Amino acid sequence: MTQTLKTSFTDSNSNTGNYIMRPTVDYCFKELMSNPKVRQGFVAALLKVPPNTVKETSLLPTFLSRASEEDKLGILDVLIGLTDGTRIDMEMQVASFFAWQNRIIFYLCKMYSDQLKKGEDYDKLKKCIHVSILNFKHFPDDEECCRTIHLHDSKTKDLYSDLLEIQILELKKLPKELPGDNDVISWMRFFSGKKTGGLSGYG
């Protein structure tokens, strides 16, 4: 996992190496994720697996279903489907958002429930993962820059189900000294960067 990702959002007439559009900009982030190789590399980092084991990813419609016009409209940034049925919602958020935790739980639950059609059994439900890439501090009381949240028993700490997962990546908490063996942090460093550069864990 040592190939280098070069973003196309650079000024070809400049020698400064600065981005014309930073990866944290919604449009830029969505364009990056429209590239199958980029999706493969980032998904592999999130799942903590080698990129070559992520055989195929696809972009899915980002409008969440509504039973009526009165229902809340939900529009995801990027929704990715894997061959095993897993769905991954990726949200890039630059400014602090009131009740962000409520919003992402709403998105995650809608993604999960939207899988089943009338008459289908519950055993057909597949894993849904929400990924928040935040350019603000969502958890201000610690310096953990990336965390994974599951449903656990509050007493035994046993995992109840792995079908719902939330990953929170806080770009403002990136440590000054970055471990070279953490691909998620390498991607976070790329997303928060102001200049072009390399990225391990891609391809």
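Look up: the structure comes first, before these words.
Residues numbered from 1 in each chain as written. Predicted model: local features only at pLDDT ≥ 70, side-chain atom pairs only at ≥ 80, totals over all residues. Heavy atoms only, no water.

Peer 1: Which residues make up the pairing of strand 4 (residues 128–134), and what are the values?
Peer 2: For strand 4, the buried fraction is high: 7 of the 7 residues fall into the buried class. On strand 4, burial covers both faces: Cys 128, His 130, Ser 132 and Leu 134 on one face and Ile 129, Val 131 and Ile 133 on the other are all buried. Bridge analysis of strand 3 (residues 87–93) against strand 4 gives 7 bridges, and the strand direction is parallel. Counterpart to Asp 89 in the pairing with strand 4 is His 130. The parallel pair strand 3 and strand 4, bridged by helix 3 (residues 100–113), forms a crossover whose chirality is right-handed. Of the strand pairs in this sheet, strand 4 and strand 6 (residues 159–170) are connected by 7 bridges, and their pairing is parallel. The residue of strand 6 that forms the bridge with Cys 128 is Leu 164. (Buried < 20%, exposed > 50% of the residue type's maximum accessible area, 1.4 Å probe, protein only. Helix = DSSP H or I, 4+ residues; strand = E, 2+ residues; numbered from the N terminus. Pairing = 2+ DSSP bridges. Right-handed = clockwise from strand over helix to strand, strands pointing away.)

Peer 1: Can you break down the packing of helix 2 (residues 36–47) against helix 4 (residues 183–192) residue by residue, with the values?
Peer 2: A pair of packed helices is captured by two measures, namely the crossing angle of their axes and the spacing between those axes. Between helix 2 and helix 4, whose axes approach to 8 Å, the crossing angle comes to 130 degrees. Between helix 2 and helix 4, the crossing angle belongs to the class labelled oblique. At the point where helix 2 passes helix 4, the crossing takes the left-handed sense. Contacts between helix 2 and helix 4 pair Val 38, Gly 41, Phe 42, Ala 45 and Leu 46 from the former with Asp 183, Val 184, Trp 187 and Phe 191 from the latter. Within the contact of helix 2 with helix 4, the residues separate by chemical class into 7 nonpolar, 1 polar and 1 charged. (Axes fitted to C-alpha atoms, helices over the stretch in contact; angles between N-to-C directions. Parallel < 35°, antiparallel > 145°, perpendicular 65-115°, else oblique. Left-handed = near helix turned anticlockwise from the far one by under 90°. Contact = heavy atoms within 4.5 Å. Nonpolar A, V, L, I, M, F, W, Y, C, P; charged D, E, K, R; others polar.)

Peer 1: With reference to specific residues and values, describe a nonpolar patch on the surface.
Peer 2: Taken together, Phe 63, Leu 73 and Ile 75 make up a surface patch of nonpolar side chains, about 290 Å² in accessible area. With respect to the helices and strands, the residue Phe 63 is situated in the loop between strand 1 (57–59) and strand 2 (78–82). (Patch = residues over 30% accessible without salt bridge, like charges linked within 9 Å, V, L, I, M, F, W, Y side chains within 5 Å. Areas by Shrake-Rupley, 256 points an atom, 1.4 Å probe, with all protein chains shown as cover. Salt bridge = Lys/Arg side-chain N within 4 Å of Asp/Glu carboxyl O.)

Peer 1: Explain the sheet that holds strand 1 residue by residue, including any values.
Peer 2: Each strand in a sheet pairs with its neighbour through backbone hydrogen bonds, running either in the same direction (parallel) or in the opposite one (antiparallel). A sheet is described by the order of its strands in space; here 6 strands give the open sequence 1-2-3-4-6-5, paired in mixed fashion. Both outer strands of the open sheet, strand 1 and strand 5 (146–152), are each paired with one neighbouring strand and no more. Sheet twist, expressed as the average angle between the axes of neighbouring strands with direction ignored, equals 25 degrees. Note that strand 5 and strand 6 share 6 bridges and pair antiparallel. The residue of strand 6 that forms the bridge with Cys 146 is Leu 169. The sheet contacts of helix 2 involve strand 1, strand 2, strand 3, strand 4 and strand 6, and relative to strand 1 the element is tilted by about 115 degrees.

Peer 1: Please provide a residue-by-residue account of the nonpolar core, values included.
Peer 2: Counting residues in hydrophobic clusters, the biggest one holds 30 residues, and the most contacted among them are Phe 42, Met 90, Ile 133 and Phe 191. Every element with two or more residues in this core is listed here: helix 1 (26–33), helix 2, strand 2, strand 3, strand 4 and helix 4. For Phe 191, the contacting residues outside a window of four places in its chain are Pro 23, Thr 24, Phe 29, Met 33, Phe 42, Met 92, Ile 133 and Leu 171. Tyr 107, Leu 164, Ile 166 and Ile 168 belong to the second-largest nonpolar core, a separate cluster that totals 14 residues. (Core = buried A, V, L, I, M, F, W, Y, C linked by side-chain atoms within 4.5 Å.)

Nothing here speaks to function; it is all geometry.
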